[in-house]
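Structural characterization, general
Given next are the chains, with one letter for each unit.
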Amino acid sequence: MNLAVAEFRRAKGRFVSITGALSLIVFLVLVLGALSDGLFFGGTGAIRSSTAQAYAFSADAEGSLVRSRLPLATESELEAVDGVQQATAIGALITTTSSVPGGADLVVMGFAPEADPAGVPGTVLEGQLPDPSDPAGVAVDKALADNGLGIGATLEVGGVSTPVVGVVDDAGYQGLPTAWTSLDTYADMRTAVRPEFAGQPVDPSVFGLALAEGVNAEDVTPPVGVVVVSNEETYLSIPGIREQKSSLNAIIYASLAVAGLVVALFFALVVLEKRELFAALKALGASSRKLGSGVVLQAFGATITAVIVGATAAWLMGQLLPDDIPFLFRPETLVFSAVLTVTAGVVGALLSLRRISRIDPATALGGSL
């Protein structure tokens, strides 16, 4: 152990090079992880963090809120199903607003204001959601509030205006901020931007479901023409979410595998270079286990340093990026990536132990391996 620490001091250049290479890999992994988290959390919050345990779609919707249409009468049919405690009508409209500087795309989410509705955002930062006592108004995503559309402002969509009464968090859908209002206001905005809906009934897109304790979405037998899926399956079915997450994860895991290979190659070369020294130490009584533990300690130190340097660089990059880039630096992702990086480095170093165990002490006396 003392030998490993002493070599850190004596051969700083050698370990700076391996630490630098690993730091670049850690930086890449954390940047990709932050982009993956930004896309995932920004695109799924409206469903993932909602108060619904499941959602009811029309049978042909394939998990898309925009494609799904169900009549309002479906609410009573769903609430009559065993295991369903409450069904809340929810409509989704992808549109634009001119109420923020430069305009913005958003998703207007209309819901039936009722006591403890299912399917609405679970985190209200300020104000409130529209409720039965005061159904007027709209609660906007924090991203819109940060852009000047806070409480007291007015949201305008297609000429229909409504006051902002609340701010919600973690409520994005398909990478767009959302605005939560009553089903009636939603219907007015939908007709204003899509005149073909004029005179048609207010058919919601889906129903958010609150299930009885111990009941899963798979346990619910829905009415004919209706499909019930879990909260998780609903947000994973949002177009592009599953594919982008699996693609970025594949790149991240490949980068971590490269980190392990880099460490393995580095310490294999180190052992090859120091075989005479290791042979002499063995001749003096040092065991292969003790020499190997020193190599593993060096790998651990190099990877820990690389994690610190790479994480700092990734965090600084996140501070410099524009707000419209979905970069989310989460502590959970940092810890997960750090553990995998250190593990990959240690495993890579362990591969050199077999070479150490094969070194013959006779080499120190002029023999051969």
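Note that this is a predicted model, so its numbers are computed, not measured. (Residues numbered from 1 in each chain as written. Predicted model: local features only at pLDDT ≥ 70, side-chain atom pairs only at ≥ 80, totals over all residues. Heavy atoms only, no water.)

Considerations on the overall build of the chain
Broken down by element type, the chain carries 11 helices and 10 strands. Expressed as a percentage of the 369 residues in the chain, the buried residues total 46%. For the chain, the computed accessible surface area is about 17,200 Å², with 60% contributed by carbon and sulfur atoms. (Helix = DSSP H or I, 4+ residues; strand = E, 2+ residues; numbered from the N terminus. Buried < 20%, exposed > 50% of the residue type's maximum accessible area, 1.4 Å probe, protein only. Areas by Shrake-Rupley, 256 points an atom, 1.4 Å probe, with all protein chains shown as cover.)

As for the nonpolar core
In this structure, Val140, Leu155, Phe207 and Leu209 are the most contacted members of the largest nonpolar core, which totals 34 residues. Considering each element in turn, this core owes the most residues, 4 residues, to strand 2 (residues 84-97). Discounting residues that sit within four places of it in the chain, Leu155 has contacts with Thr97, Ser99, Leu106, Val138, Leu149, Val160, Ser161, Thr162, Val164, Ala179 and Met189. Counting 31 residues, the second largest nonpolar core, distinct from the first, contains Val29, Leu30, Val307 and Ala338. (Core = buried A, V, L, I, M, F, W, Y, C linked by side-chain atoms within 4.5 Å. Contact = heavy atoms within 4.5 Å.)

Description of helix 5 (residues 183-193)
Among the residues making up helix 5, those that are buried are Leu183, Thr185, Tyr186, Ala187, Met189 and Arg190. As for helix 5, its buried residues are in contact with strand 2, strand 3 (104-111), strand 6 (154-157), strand 7 (160-168) and strand 8 (178-182).

Remarks on helix 10 (residues 331-350)
For helix 10, with 20 residues, the first-to-last C-alpha span of 28 Å sits near the 28 Å given by 1.5 Å per residue. Looking at helix 10, one finds that the buried residues are Thr333, Ser337, Ala338, Thr341, Val342, Ala344, Gly345, Val346, Gly348 and Ala349. (Expected span 1.5 Å × (residues − 1).)

A word on the packing of aromatic side chains
Taken as a whole and judged by the stated rule, the model has 3 aromatic pairs. Plain terms: the ring middles of Phe40 and Phe41 are 5.3 Å apart, the flat faces sit at 85° to each other, and that makes the pair edge-to-face. This pair shows no difference in class: Phe40 is buried, exactly as Phe41 is. By the ring-pair criterion, three or more aromatic residues cluster together here, those being Phe40, Phe41 and Tyr235. The ring centre of Phe40 lies 4.5 Å from the NZ or CZ of Lys245, which sits over that ring. (Phe/Tyr/Trp six-rings, centres within 6.5 Å; stacked < 30°, edge-to-face > 60°. Lys NZ or Arg CZ within 6 Å of the ring centre and 35° of its normal.)

A few points about the pairing of strand 10 (residues 226-230)
Taken across its 5 residues, strand 10 has 4 buried, putting it largely inside the fold. In the sheet, strand 1 (residues 54-58) pairs with strand 10 via 5 bridges, with the strands oriented antiparallel. Paired with Phe57 across the bridge in strand 10 is Val227. (Pairing = 2+ DSSP bridges.)

A closer look at the pattern of salt bridges
Tallied over the entire structure, the rule returns 7 salt bridges. Asp37 is the partner of Arg330 in a salt bridge, and the nearest nitrogen-oxygen pair spans 3.9 Å. One end of the pair, Arg330, is in the loop between helix 9 (288-320) and helix 10; the other, Asp37, is in helix 2 (residues 12-48), and 293 residues separate them in sequence. For Arg330, a relative accessible area of 22% translates into the label partly exposed. Exposure remark for Asp37: the relative accessible area of 7% places this residue in the buried category. Where Arg67 meets Glu62, a salt bridge forms, and the shortest distance between an N and an O atom there is 3.2 Å. Judged by relative accessible area, which is 63%, Glu62 ranks as exposed. (Salt bridge = Lys/Arg side-chain N within 4 Å of Asp/Glu carboxyl O.)

Section: unusual backbone geometry
The phi dihedral of Asp170 is positive, around 50°, even though this residue is not glycine. Checked against the element boundaries, Asp170 lands in the loop between strand 7 and strand 8. A relative accessible area of 28% places Asp170 in the partly exposed class. At Gln174, a residue that is not glycine, the phi angle is positive and equals roughly 55°.

Some points on the confidence of the model for the chain
The pLDDT averaged across the chain works out to 85; a share of 86% of its residues lies at or above 70. Here helix 1 (residues 2-10) stands out as the least confident element of the chain, with mean pLDDT 58; strand 8 is the most confident, with 95. (pLDDT = per-residue confidence, 0-100.)

Observations concerning the environment of Ala21
Relative to the elements of secondary structure, Ala21 occurs in helix 2. Residue class for Ala21 comes out partly exposed when judged on its relative accessible area of 30%. For the pair Ala21 and Ala259, spaced 238 residues apart in sequence, the C-alpha to C-alpha distance is 8.5 Å.

Focus on the environment of Gly110
Looking at where Gly110 falls in the secondary structure, it is placed in strand 3. The class of Gly110 is buried, set by a relative accessible area of 0%. Separated by 71 residues in sequence, Gly110 and Thr181 place their C-alpha atoms 5.0 Å apart. The residues contacting Gly110, other than those within four sequence positions of it, are Ala89, Ile90, Gly91, Thr181, Ser182, Leu183 and Tyr186.

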